[in-house]
Amino acid sequence: MHEAEPAEALAYYEDPGPGTGALPPRAWWAASDARRVALGGQWRFRLGDRADTYDDGFAAPGYDASGWDLLPVPSHWVLQGHGSPAYTNVRYPFPVDPPYVPTENPTGDHLRAFDLPDDWPGGAAVLRFDGVESCARVWLNGTELGTFKGSRLPVEFEVGELLLPRGNVLAVRVHQWSSGSYLEDQDMWWMPGIFREVTLIERPEGAVTDFFVHCGYDHVTGTGTLRVDCEPGGTLTVPELGLDIPTGEPVIVPVEPWSAERPRLYDAELATEGERIPLRIGFRSVAVEDGVLKVNGRRIVFRGVNRHEFDPDRGRALDQETMREDLLLMKRHNVNAVRTSHYPPHPAFLDLCDELGMWVIDECDLETHGFQEVGWRGNPVDDARWTPALLDRAARMVERDKNHPSVVMWSLGNECGTGAGLSAMASWIRERDPARPIHYEGDLSCADTDVYSRMYADHAESELIGRRTEAPLADAGLDERRRAMPYILCEYAHAMGNGPGGLSEYQRIFDTYERCQGGFVWEWIDHGLRRTAPDGSHYFAYGGDFGEELHDGNFVCDGLLFPDRTPSPGLVEYKKVIEPVRITGDAERGQVTVTNLYDVADLGGLSFRWTYEVDGEPADSGRFEVPATGPGESALLELPRLPADRAGDEAWWTVRAVLAEDTAWAPAGHEVAWAQFAAPRQPAGRAHRGRPHSPRRAGGGLITLGPAVFDAATGALRTLAGTPVEGPRLDVWRAPTDNDRGMDWFAESRLDRAWRTAGLHRMRHRVARVAVGGDMLTVAVRVAPAAADHALHTVFTWTATGDRLRLEVAVTPEGAWSVPLPRLGVRLGLPGQLERVSWYGAGPGEAYPDSRAAARIGRWSATVDELQTPYVRPQENGARAGVRWAELTRPDGSGLRIEGEPFWLTARPWTTEALDAAAHTCDLVRSGRLWVTLDHALQGLGSASCGPGVLPAHRLDVRPAAFSFTFVPLGGTAGPTAPTDLEQQ
Ligand code: GAL
């Protein structure tokens with residue numbers, strides 16, 4: 001419990017109120033004919049370690065700061081060589097002692113001198129800050145303007161009377177910690193600073209104080225409703241609609257509606273006596289009707305991501321190109337929705353969402369999750385002293401962003417528990433903007449919301465909710481209300497490290513139940529900070545790399561993009577799973593069904609192409625004409641009849657939907673959706689000529705069999721056609737993924753621990769028998785960990801025909817097994833010169849049993865380096881699925897071919913153990929060998945790093961198994977491989 005505090009006035013940075021001196025919040029607009037002065041650039045900067053290290057004399061005119069450092073603004077000073085960033089997920093990195101903050105409170109003094117442009121007219125002007133973390137006190141020319149908190153929200157001060165033509169001095173003192181920090185406990189780096197723009201904006205007489213564009217669309221009549229409220233009054237012109245109307249006056253006009261798929265905007269101009277503002281207006285109506293969220297009368301499905309603002313070098317100080325890049329990447333990966341977790345983004349991002357088309361849930365800058373650590377005692381959202389700050393935050397978000405058609409819902413914040421403060425925010429928002437539904441996930445009763453939103457609910461529960469048969473709430477009234485709400489997963493499919501698995505199964509639920517309106521993958525991008533290793537290479541740092549006392553490690557790296565914005569395999573999978581066209585084929589019937597899964601668009605923007613491949617070789621290709629097919633409709637297409645087929649084992653049809661024309665976000669030909677299906681055929685069944693060999697015991701403790709030489713004592717393969725080989729050994733271990741490692745706070749999710757307890761990372765191989773008999777070599781090995789009696793009894797049976805060496809593996813479990821296996825296969829060590837891998841199977845990217853929708857059957861080739869996926873914290877990666885054959889070759893083409901029933905192929909320049917031991921990518925050092933694992937089966941990925949584990953269908957339970965591979969030496973252009981020492985013995 002808190003002791004009674006002395007009744008002293010609180011310091012401004014500890015006062016729970018929002019601040020002092022600011023103008024009322026209002027809309028943001030990118031430009032107008034009112035002049036602006038951008039105040040970014042190099043500022044003078046000094047850092048104190050307490051709020052009062054320095055007095056405020058620096059704000060006085062004439063202060064000499066020439067000895068201070070220079071700091072770019074916008075920036076976070078901790079990324080500019082002053083102090084360090086720190087990462088915690090839920091826990092506050094300071095005592096939970098609201099509204100007080102630690103005495104150690106890094107405080108950055110910022111100074112900027114500026115002149116006004118010669119044509120600056122004088123009169124009123126405002127100074128705007130778009131984002132400062134976490135609390136600032138501001139002076140202009142020695143006069144204090146006020147103080148503010150609310151890091152990701154704008155604030156403006158009236159400054160006209162203080163401005164001088166020359167030599168203005170803007171002084172800003174920024175405290176890292178403030179009462180506002182208690183409201184900003186989002187799972188991300190703590191990074192103080194002036195991280196968004198600072199701008200001086202002229203406010204001529206009669207300029208716009210604020211305006212609100214009220215736009216709707218009536219899908220029955222096809223008309224738009226429009227009314228722009230403006231203070232002061234003026235006129236609105238929309239040339240394309242022939243409108244020139246006074247503000248405040250409603251009109252109804254026939255229009256094309258705005259949607260994320262067809263972001264139709266109308267250029268307009270708002271003019272008052274003192275200002276002209278260019279606008280872009282989008283007509284759309286959002287409503288919850290009959291338990292379904294609809295836009296323009298149609299159910300929409302969120303194919304969404306949670307987006308934090310992040311750049312590996314600049315933190316949350318994003319430039320416009322990066323914002324656009326994010327949106328282009330999203331659009332190209334079929335993402336149609338963004339939740340702005342967990343704060344309003346830079347305002348320009350929403351302009352881009354309007355322009356390119358994105359459904360947006362705009363979330364307030366509010367999270368008090370750290371109070372959970374203390375049983376939610378003192379939670380600000382349930383303490384009236386904080387309500388003004390909460391209302392201030394709600395108003396600053398809604399007023400700033402109210403004019404964006406892309407914003408379809410307001411979110412009160414994230415993970416704040418429950419309390420009257422949230423209800424106050426919701427009531428205020430409803431009153432101010434009744435046209436948008438309200439979202440908040442943290443209150444299961446949904447008392448203040450219009451949608452039932454959850455995070456990480458598993459498939460089974462989501463399905464129950466989809467049927468509206470979920471477990472009831474205790475309060476019957478609330479239960480009835482919630483049961484009638486649409487359901488969304490505001491977070492799901494935690495994309496940490498290798499994963500998420502189980503996306504397809506979620507999508508099936510969204511496709512099946514009208515109530516399930518999609519979700520938002522957690523999250524868009526890994527927040528790894530770029531650092532340089534001693535050897536000069538780059539790697540990405542995470543929690544704990546900056547000496548933090550408390551931290552949450554690499555939990556900050558859980559995105560679909562790597563920190564440098566390279567798409568991860570998870571994003572490629574997501575793109576496939578959420579594709580807006582479903583294509584299914586039935587080669588026997590000669591038919592293809594194309595289903596339009598768009599919310600509103602028809603298929604007119606796509607062209608459909610097919611290819612026919614035999615054993616991965618192109619045999620024929622062409623295009624389909626697809627009739628007009630509206631959303632929700634399907635078209636049936638006839639597959640072409642092909643002339644006499646080329647010989648081969650397998651034939652596959654691939655149908656692709658690509659953009660018919662260039663769009664604002666991708667060029668014509670960009671692939672949107674695809675499917676593959678096999679053509680029925682009889683496998684040719686190749687006769688492999690050559691005589692069967694018999695194994696022979698040779699001198700030197702060796703056994704020869706066809707092209708292979710074995711160790712007679714251990715049965716291990718030593719060389720194959722002269723190439724030294726280590727193994728093969730039975731392999732059940734993988735470097736645990738973040739999803740295998742589960743959640744710290746939920747022991748049952750920690751599969752890696754169960755695996756280590758079961759000894760799977762330290763299996764011993766006891767050779768029980770090496771037998772030469774007839775035309776086969778048989779090696780029996782008992783594979784088991786120390787201190788346990790569970791084992792995998794493994795029999796390797798080797799035969800050879802001509803230059804082909806065949807291995808059959810039979811695995812029989814012994815004893816009690818309580819864990820699934822990470823993998824089941826064999827591992828080989830090969831010369832490091834085998835650096836190119838070509839295969840026929842699924843590709844080109846990595847795949848795992850519950851994340852393989854994006855891999856397609858074909859012939860692929862990659863270097864060993866290209867097969868590695870650089871997860872920020874190294875872990876199992878790079879498996880290729882469904883491999884029929886693979887060739888591992890040296891630059892001269894010599895090497896090894898491996899054939900099998902479709903198997904999983906992994907090839908890497910380091911061992912699994914080294915991968916397991918590495919903490920950052922720079923820890924991985926080439927071993928000089930190529931380590932290849934040929935897997936019969938793999939455990940799925942799941943998303944247990946925060947959410948459900950592997951679904952039963954993708955668990956690798958321990959049971960008897962049999963599989964086989966054939967190894968064929970490949971001679972290169974450089975002739976036969978030189979014999980090794982071994983062979984010469
Ligand atoms: C959620 C939270 C996110 C993030 C995620 C796990 O609980 O809302 O901010 O922490 O879990 O990565």
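Residues numbered from 1 in each chain as written. Predicted model: local features only at pLDDT ≥ 70, side-chain atom pairs only at ≥ 80, totals over all residues. Heavy atoms only, no water.

The protein chain carries the name Beta-galactosidase in an unreviewed UniProt entry, which gives Actinacidiphila epipremni as its organism. Taken verbatim from the UniProt record of the protein chain, the Catalytic activity (unreviewed entry) comment is "Hydrolysis of terminal non-reducing beta-D-galactose residues in beta-D-galactosides." (UniProt positions renumbered as here; feature names shortened; annotations may be inferred.)

**Q** Looking at this structure, how should I read the site of the ligand?
**A** Near the ligand there are 13 residues, and of these Asp-187, His-342, Glu-415, Glu-491 and His-494 occur at the shortest range. One nitrogen or oxygen atom from the side chain of Asp-558 is found 2.8 Å from an oxygen atom belonging to the ligand. Calculation on the ligand without its partners gives an accessible area of 300 Å², and the protein chains cover 95% of this total. Of the residues belonging to the shell around the ligand, the class tally is 5 nonpolar, 4 polar and 4 charged. (Near = heavy atom within 4 Å. Polar contact = N/O pair within 3.5 Å; in protein donor to acceptor, adjacent residues only side chain to side chain. Areas by Shrake-Rupley, 256 points an atom, 1.4 Å probe, with all protein chains shown as cover. Nonpolar A, V, L, I, M, F, W, Y, C, P; charged D, E, K, R; others polar.)

**Q** I would appreciate a short explanation of the sheet that holds strand β36 (residues 581-586) in the present structure.
**A** Strand pairing in a sheet relies on backbone hydrogen bonds, with the paired strands running either antiparallel or parallel. One open sheet holds the 3 strands; their spatial order is β36-β37-β40, and the pairing between them is antiparallel. The sheet is open, and its two borders are formed by β36 and β40 (634-638), each paired with just one other strand. The average undirected angle you get between the axes of adjacent strands in this sheet is 20°. Relative to β40, strand β37 (residues 591-596) runs antiparallel, the two sharing 5 bridges. Looking at β40, one finds that Gln-591 is bridged to Glu-638. (Pairing = 2+ DSSP bridges. Helix = DSSP H or I, 4+ residues; strand = E, 2+ residues; numbered from the N terminus. Axes fitted to C-alpha atoms, helices over the stretch in contact; angles between N-to-C directions.)

**Q** In this structure, what is going on with the packing of helix α7 (residues 503-512) against helix α8 (residues 569-577)? I would like to understand it.
**A** In a pair of packed helices, the angle between the axes and the distance between the axes together describe the arrangement. Following both chains from N to C, one finds α7 and α8 inclined at 25°, their axes separated by 10 Å at the closest point. One element, α7, and the other, α8, form an angle in the roughly parallel class. In this structure, α7 crosses over α8, and the sense of that crossing is right-handed. Facing α7, whose interface residues are Leu-503, Ser-504 and Gln-507, α8 presents Gly-570, Glu-573, Tyr-574 and Val-577. Here the residues of the contact of α7 with α8 are counted per class, giving 3 nonpolar, 3 polar and 1 charged. (Parallel < 35°, antiparallel > 145°, perpendicular 65-115°, else oblique. Left-handed = near helix turned anticlockwise from the far one by under 90°. Contact = heavy atoms within 4.5 Å.)

**Q** Would you mind going over the domain arrangement of the protein chain with me for this structure?
**A** Think of interface size as the accessible area that goes away when the parts come together; that is how it is often given. By domain assignment, the protein chain separates into domain 1 (7-202), domain 2 (210-285), domain 3 (288-575), domain 4 (595-678) and domain 5 (692-984). For domain 2 versus domain 5, the separation of C-alpha centres amounts to 63 Å. (Domains from an automatic or database assignment.)

**Q** Mind showing me how you'd approach empty space enclosed by the protein here?
**A** Leftover empty space is mapped by rolling, across the atoms, a probe with the size of a water molecule. With the rule as written, the count across this model stands at 4 cavities of 30 Å³ or more. Approximately 60 Å³ is the volume attributed to the largest cavity. What lines the largest cavity is Ala-495, Gly-497, Asp-526, Asn-554, Cys-557, Gly-559, Phe-562, Asp-738, Tyr-871, Val-872, Arg-873 and Gln-875. In terms of residue class, the lining of the largest cavity is built from 5 nonpolar, 4 polar and 3 charged. Looking at which domains feed residues into the lining of the largest cavity, each of domain 3 (288-575) and domain 5 (692-984) gives three or more. (1 Å grid on protein atoms, 1.4 Å probe; cavity = no way out; pocket = protein on both sides within 12 Å on 5 of 7 lines; lining within 4 Å. Points joined across faces, edges and corners; volume = space filled by probe spheres on them.)

**Q** How do you make sense of the packing of helix α1 (residues 320-332) against helix α2 (residues 347-356) when you look at a structure like this?
**A** The contact between α1 and α2 brings their axes to 10 Å, and the two run at 35°. Crossing of α1 against α2: the hand is right-handed. In contact with Gln-320, Met-323, Arg-324, Leu-327, Leu-328 and Lys-331 of α1, α2 contributes Ala-348, Phe-349, Leu-352, Cys-353, Glu-355 and Leu-356. For the contact of α1 with α2, a count of residues per class yields 8 nonpolar, 1 polar and 3 charged.

**Q** Just to check I follow, could you spell out the sheet that holds strand β16 (residues 210-218) for this structure?
**A** Ordered by their spatial adjacency, 3 strands build an open sheet running β16-β17-β20, and the pairing between neighbours is antiparallel. The outermost strands of the open sheet, each flanked by one partner alone, are β16 and β20 (251-254). The mean inter-strand angle of the sheet, taken between neighbouring strand axes irrespective of direction, is 25°. Across 4 bridges, the pairing between strand β17 (residues 223-231) and β20 is antiparallel. Within β20, the position partnered with Thr-223 by the bridge is Pro-254.

**Q** Just checking my understanding: could you explain the packing of aromatic side chains for this structure?
**A** Aromatic ring pairs are reported here in terms of the distance separating the ring centres and the angle at which the planes meet. In this structure the tally under the stated criterion is 36 aromatic pairs. Pairing Phe-58 with Trp-68 gives two aromatic rings, centres 5.9 Å apart and planes at 40°, and the pair type is tilted. With a gap of 10 residues between them, Phe-58 in the loop between β3 (41-50) and β4 (69-73) and Trp-68 in the loop between β3 and β4 connect regions that are remote in the sequence. This pair shows no difference in class: Phe-58 is buried, exactly as Trp-68 is. Seen from their ring centres, Phe-302 and Phe-520 are 5.1 Å apart, and the 40° between their planes marks the pair as tilted. Highlighted residues: Phe-302 in strand β26 (residues 302-306) and Phe-520 in strand β33 (residues 516-521), separated in sequence by 218 residues. (Phe/Tyr/Trp six-rings, centres within 6.5 Å; stacked < 30°, edge-to-face > 60°. Buried < 20%, exposed > 50% of the residue type's maximum accessible area, 1.4 Å probe, protein only.)

**Q** Even after reading the chapter, I still don't get the pairing of strand β41 (residues 651-659), so can you show me in this structure?
**A** Each regular strand carries side chains that alternate between the two faces of the sheet. By the criterion of burial, β41 is predominantly enclosed, with 8 of the 9 residues buried. In this sheet, β41 lies alongside strand β38 (residues 606-614) in antiparallel orientation, the contact comprising 9 bridges. Residue pairing for β41: Leu-606 is matched across the bridge by Leu-659. Bridge count between β41 and strand β42 (residues 671-679): 8 bridges; the pairing is antiparallel. Bridging from a neighbouring strand, Trp-653 pairs with Phe-677 of β42.

**Q** How do you make sense of unusual backbone geometry when you look at a structure like this?
**A** Phi is mostly negative for residues that are not glycine, and the peptide bonds are mostly trans. With an omega of 5°, the peptide bond running from Pro-98 to Pro-99 counts as cis. Locating Pro-99 in the fold gives a position in the loop between β5 (86-88) and β6 (104-114). A positive phi angle is found at Asn-141, which is not glycine, with a value near 50°. Backbone geometry at Ala-787 places phi at a positive 70°, although glycine is not the residue there.

**Q** Teacher, can you tell me more about the layout of surface pockets here?
**A** Looking at the largest pocket, its volume works out to about 860 Å³. Lining the largest pocket are 37 residues, with Asn-89, Val-90, His-369, Phe-555 and Trp-745 positioned closest to its centre. Of the residues in the lining of the largest pocket, the class split is 12 nonpolar, 12 polar and 13 charged.

**Q** What's the story with the UniProt feature "domain: Beta galactosidase small chain/" (unreviewed entry) in the protein chain in this structure? I'm lost.
**A** Taking the numbering used here, the UniProt-annotated feature "domain: Beta galactosidase small chain/" (unreviewed entry) corresponds to residues 704-968. With 8% helix and 48% strand, residues 704-968 has its two end C-alpha atoms placed 15 Å apart.

**Q** I tried to follow the environment of Trp-610 on my own but got confused; where do I start?
**A** Structurally, Trp-610 can be placed in strand β38. Accessibility expressed as a relative area gives 7% for Trp-610, which makes it buried. Through-space distance from the C-alpha of Trp-610 to that of Asn-414 is 45 Å; in sequence the pair is 196 residues apart. Dropping the residues within four chain positions of it, Trp-610 is found in contact with Asp-620, Ser-621, Gly-622, Arg-623, Phe-624, Pro-640, Leu-642, Trp-653, Thr-654 and Val-655.

**Q** In this structure, what is going on with helix α6 (residues 476-483)? I would like to understand it.
**A** An α-helical segment advances 3.6 residues per turn. Residues three or four places apart therefore align on the same side. For α6, the full list of buried residues reads Asp-479, Arg-482 and Arg-483. Looking straight down α6, one finds that the buried residues subtend no more than 95° of arc, so they occupy a single side. Regarding α6, its N-cap is Asp-475, as a side-chain oxygen of that residue lies 2.9 Å from the backbone nitrogen of Gly-477 further along. (Arc of directions from axis to C-beta.)

**Q** Would you take a moment to explain the nonpolar core for this structure?
**A** The nonpolar side chains of soluble globular proteins are, as a tendency, buried together. Of all hydrophobic cores here, the largest spans 155 residues; its most connected members are Phe-129, Leu-170 and Leu-200. Look past the residues within four positions of Phe-129 in its chain and what remains in contact with it is Val-138, Phe-148, Leu-153, Pro-154, Val-155, Phe-157, Val-172, Glu-197 and Val-198. In this structure, Leu-705, Ala-712, Val-837 and Phe-903 belong to the second largest nonpolar core, which totals 58 residues. (Core = buried A, V, L, I, M, F, W, Y, C linked by side-chain atoms within 4.5 Å.)

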